[in-house]
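Residue-level structure breakdown
Next come the chains, spelled out residue by residue.
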Amino acid sequence: MRALRISCLVLALPAYLQAARILAIFPSPGPSQYISVEPYLKGLAGRGHQVTSVNAFPQMKPVANFRDVFLSELSDNYNELINELKEPTNTWEENTYINKLFVVVTRSVLENKEVAETLLPPGKDQFDLIIVEALRSDAYYGFAVHFNAPIIGFSTFGTDWNIDELVGNVSPLSYTPLLSTGFTDRMTFQKRVSNFIDTMIAWLNYILVHMPEHVQMYEKHFPEAAKRVKLTDLNRNFSLVLLNQHFSLSFPRPNVPNMIEVGGLHISHKPSPLPKDLEEFIQGSGEQGVIYFSLGPNVLSKELPVKRRDLILKTFASLPQRVLWKFEDDNLPGKPANVFIRKWFPQQDILAHPKVKLFITHGGLLSTIESIHHGKPVLGLPFFNGALANVNRATQAGYGLGLNHKTMSQREFKETIERLLQEPRFAQTARQMSERYRDQPMSPLATAIWWTEYVLRHKGAHHMRVAVQDSGFFAYYDLEFIGVATWMSLESLDDLELLEPKFLGYRSIMVVG
Ligand SMILES: *[C@@H]1O[C@H](CO)[C@@H](O)[C@H](O)[C@H]1NC(C)=O
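Predicted, not measured: the structure shown is a model, and the values here were computed from it.

Let us now look at the site of the ligand. Around the ligand, the neighbouring residues are Pro150, Val229, Asn237 and His462. Within the side chain of asparagine 237, an N or O atom sits 2.4 Å from an oxygen atom of the ligand. Side-chain polar atom of histidine 462 to an oxygen atom of the ligand: 2.9 Å apart, as the coordinates give it. Calculation on the ligand without its partners gives an accessible area of 370 Å², and the protein chains cover 59% of this total. For the shell around the ligand, the per-class residue count stands at 2 nonpolar, 2 polar and no charged.

As a further point, take helix 13 (residues 306–317). Owing to its 3.6 residues per turn, the α-helix brings residues three or four apart onto one side. Between its first and last C-alpha, helix 13 extends 16 Å over 12 residues, near the 16 Å set by a 1.5 Å rise per residue. As for helix 13, its buried residues are in contact with strand 8 (290–294), strand 9 (322–326), strand 10 (339–342), strand 11 (356–361) and helix 17 (410–422).

Take the sheet that holds strand 7 (residues 259–261) next. With respect to topology, 7 strands assemble into an open sheet ordered 3-2-1-4-5-6-7, the strand pairing being parallel. Looking along the sheet, the strands with just one partner apiece sit at the ends: strand 3 (66–70) and strand 7. Strand-to-strand, the axes of this sheet are offset by a mean angle of 20°, without reference to chain direction. The strands that helix 19 (residues 444–457) touches are strand 4 (129–133), strand 5 (151–155), strand 6 (240–243) and strand 7; relative to strand 6, the one it contacts most, it runs at about 175°.

Moving on, we get to the side chain of asparagine 99. For asparagine 99, the position within the fold is in helix 5 (residues 91–110). The residues touching asparagine 99, leaving out its near neighbours within four places in the chain, are Arg136, Asn205, Tyr206 and His210.

Pairing within the open sheet is parallel, and its 6 strands lie in the order 10-9-8-11-12-13. Each of the sheet's edge strands pairs with one partner strand only, and the pair in question is strand 10 and strand 13 (400–402). Between one strand axis and the next, the sheet turns through 15° on average, direction left out of account. Strand direction decides the pairing type here: strand 9 and strand 10, joined by 4 bridges, are parallel. Bridge pairing links tryptophan 325 to isoleucine 341 in strand 10. Where helix 13 meets the sheet, its contacts fall on strand 8, strand 9, strand 10 and strand 11, and the angle it forms with strand 9 comes to roughly 155°.

Counting across every chain of the model gives 22 aromatic pairs. Measuring from ring centre to ring centre gives 5.0 Å for phenylalanine 281 and phenylalanine 340, while their planes differ by 45°; the resulting arrangement is tilted. Within this pair, whereas phenylalanine 281 is found in helix 12 (residues 276–283), its partner phenylalanine 340 is found in strand 10, the two being separated by 59 residues in sequence. The pair formed by phenylalanine 281 and phenylalanine 340 is uniform in burial state, with each residue classed as buried. Aromatic side chains phenylalanine 316 and tryptophan 325 sit 5.8 Å apart centroid to centroid with 85° between the ring planes, which places their arrangement in the edge-to-face category. There is no split in this pair, since phenylalanine 316 and tryptophan 325 are both buried. An aromatic cluster is defined as three or more aromatic residues linked by ring pairs; in this entry it consists of Phe127, Phe143, Phe147, Tyr218 and Phe222. In this arrangement the basic side chain of arginine 425 is found over the ring face of phenylalanine 426, its NZ or CZ atom lying 4.2 Å from the centre. Positioned above the aromatic ring of tryptophan 450 is the side chain of arginine 457, whose terminal nitrogen or guanidinium carbon lies 5.5 Å from the ring centre.

Below, the discussion takes up the domain arrangement of the protein chain. Structurally, the protein chain comprises domain 1 (11–267 + 443–469), domain 2 (276–438) and domain 3 (478–512). Computed from C-alpha coordinates alone, the two centres of domain 1 and domain 2 are separated by 31 Å. Of the residues lining the interface, 28 residues belong to domain 1; the matching set on domain 2 comes to 19 residues. Together, the buried faces of domain 1 and domain 2 total about 1,900 Å²; carbon and sulfur atoms form 62% of this surface. Between domain 1 and domain 2 we count 0 salt bridges in total. Where domain 1 meets domain 2, there are 5 residue pairs in polar contact (both at pLDDT 80 or more). Ranked by the residues each element gives to the side of domain 1 that touches domain 2, the list is headed by helix 2 (residues 31–35), at 3 residues.

Let's shift gears to the environment of glycine 168. Residue placement: glycine 168 occurs in the loop between helix 8 (161–167) and helix 9 (189–221). Along the chain, glycine 168 and asparagine 255 lie 87 residues apart, while their C-alpha atoms are 9.3 Å from each other.

Another aspect to go through is the pairing of strand 9. Of all the 5 residues making up strand 9, 4 are buried; the element is thus mostly covered by neighbouring parts of the structure. For strand 8 and strand 9, the ladder comprises 4 bridges, and the chain directions are parallel. Considered in strand 9, the bridge of phenylalanine 293 is made with tryptophan 325.

Time to look at the nonpolar core. For soluble globular proteins, the rule of thumb is that nonpolar side chains tend to be buried together. Counting residues in hydrophobic clusters, the biggest one holds 50 residues, and the most contacted among them are Leu23, Val54, Ile130, Tyr141 and Phe143. Among the elements that take part in this core, helix 9 stands out by supplying 6 residues, more than any other. With residues near it in sequence (within four places) discarded, valine 54 still touches Leu23, Ala24, Ile25, Phe26, Pro27, Val69, Leu71, Val109, Val115 and Leu119. Membership of the second largest hydrophobic core comes to 30 residues, among which are Leu44, Val51, Leu265 and Met464.

Criteria and cut-off values
- Residues numbered from 1 in each chain as written.
- Predicted model: local features only at pLDDT ≥ 70, side-chain atom pairs only at ≥ 80, totals over all residues.
- Heavy atoms only, no water.
- Near = heavy atom within 4 Å.
- Polar contact = N/O pair within 3.5 Å; in protein donor to acceptor, adjacent residues only side chain to side chain.
- Areas by Shrake-Rupley, 256 points an atom, 1.4 Å probe, with all protein chains shown as cover.
- Nonpolar A, V, L, I, M, F, W, Y, C, P; charged D, E, K, R; others polar.
- Helix = DSSP H or I, 4+ residues; strand = E, 2+ residues; numbered from the N terminus.
- Expected span 1.5 Å × (residues − 1).
- Contact = heavy atoms within 4.5 Å.
- Pairing = 2+ DSSP bridges.
- Axes fitted to C-alpha atoms, helices over the stretch in contact; angles between N-to-C directions.
- Phe/Tyr/Trp six-rings, centres within 6.5 Å; stacked < 30°, edge-to-face > 60°.
- Buried < 20%, exposed > 50% of the residue type's maximum accessible area, 1.4 Å probe, protein only.
- Lys NZ or Arg CZ within 6 Å of the ring centre and 35° of its normal.
- Domains from an automatic or database assignment.
- Buried area = accessible area lost by both parts, 1.4 Å probe.
- Salt bridge = Lys/Arg side-chain N within 4 Å of Asp/Glu carboxyl O.
- Core = buried A, V, L, I, M, F, W, Y, C linked by side-chain atoms within 4.5 Å.

Structure follows, in structure tokens:
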């Protein structure tokens with residue numbers, strides 16, 4: 001099916017666009033980020049472009065026009081660091097911790113043998129376009145200067161101030177929460193204060209801890225480029241940013257012209273038939289239907305504390321529904337007859353099945369998008385802060401509920417499942433969300449490919465960049481204006497000479513602000 005879709009895309013390739021050489025860098029140590037971008041990279045290869053993809057999940061079978069540069073040491077480096085680092089105790093440490101992880105990821109790319117031997121030596125290879133995972137990995141953006149090619153960022157989680165800055169997008173803190181807070185766009189006063197403080201801490205940490213390390217790596221691995229372009233200028237020179245988000249999935253917000261929402265481009269639109277035993281088990285559920293339970297590719301159910309696992313098992317045993325549980329072991333002691341375990345499920349095909357009534361999920365972004373696409377209500381058991389935001393949004397939108405997996409009781413778990421299955425509004429809202437999400441002029445995948453080729457056709461499409469990208473830091477944040485306004489309010493207010501219309505305007509904005 002995918003092959004058919006890709007060949008349709010190939011036929012639509014405008015004749016005047018020549019095949020481009022594309023370097024893609026997606027060094028995520030967990031599989032889900034790469035899953036969200038793989039169809040896009042293969043789609044570009046399917047259109048005749050030569051794609052070189054630096055990643056940790058190489059293709060099992062060869063794909064035409066597609067070369068993997070395998071980051072074999074990435075997960076080892078990453079896990080080693082995770083084990084070494086102490087749990088952060090405050091927001092500053094939490095940021096330092098996250099920044100360290102991204103330094104390790106970036107270093108794994110730049111010090112990889114194949115990268116060092118084939119991509120970094122000057123004049124060895126040439127590319128027309130660089131596509132990077134935009135996630136605090138500034139040093140490897142240096143490939144854009146190195147190859148003198150336009151750069152596109154792909155953000156696998158959507159956006160926040162950090163991604164916004166790449167294209168000069170505005171992020172009003174009053175309704176764009178930092179992902180790590182777990183808040184939605186509707187924040188109480190306290191939450192807004194907390195979002196503001198957390199964002200300032202993240203921003204200071206980025207400037208003081210993160211950037212110096214990346215500047216060092218950039219100067220070390222791209223010495224020629226570093227002489228020509230400063231890293232801080234480079235990371236305001238993005239041609240395009242693609243976001244794995246959509247207003248129908250999260251919330252509406254302003255976007256500059258070169259920031260494009262392509263949330264859920266990994267979804268294949270035609271579900272495949274399920275394996276026979278699975279289909280039979282689902283069909284055997286009768287009127288009651290099936291609950292699908294998976295904690296995603298990164299969180300393992302088999303590693304849940306035994307007490308938690310027993311609580312979940314007892315709850316499932318007491319339900320009239322049948323349950324599919326993604327469990328990564330062959331045996332699940334005490335497994336009741338209405339529970340079916342598998343190490344891996346074809347999740348999208350299961351969610352597409354009409355007999356599947358509820359998705360109990362860890363709340364990761366891909367699972368959230370898939371449940372919306374297929375119109376299924378969710379019970380979220382978030383394991384990390386980004387997931388908490390998704391679960392809170394599901395609750396706010398009315399197609400799901402959330403529980404704390406560490407503290408929930410068996411009764412709470414069962415009652416929440418029953419509510420989600422019995423109150424029709426959850427299923428209705430889920431269907432409505434699905435209709436809104438699917439109602440787009442082009443599929444997210446076609447959108448991503450179209451804009452990528454737009455950048456190629458218009459040699460970087462710099463006419464889309466907003467002017468603030470070329471002004472300094474102080475102008476970006478209007479700091480000089482805030483300075484003037486603060487000075488004005490401190491200085492004698494009765495100094496009439498200063499009461500020119502321009503300054504008065506500043507002052508009244510300050511008062512309103
Ligand atoms: C910005 O990117 C364009 C290519 O898209 C390039 O010509 C220009 O030199 C870059 N400028 C900086 C400061 O990196």
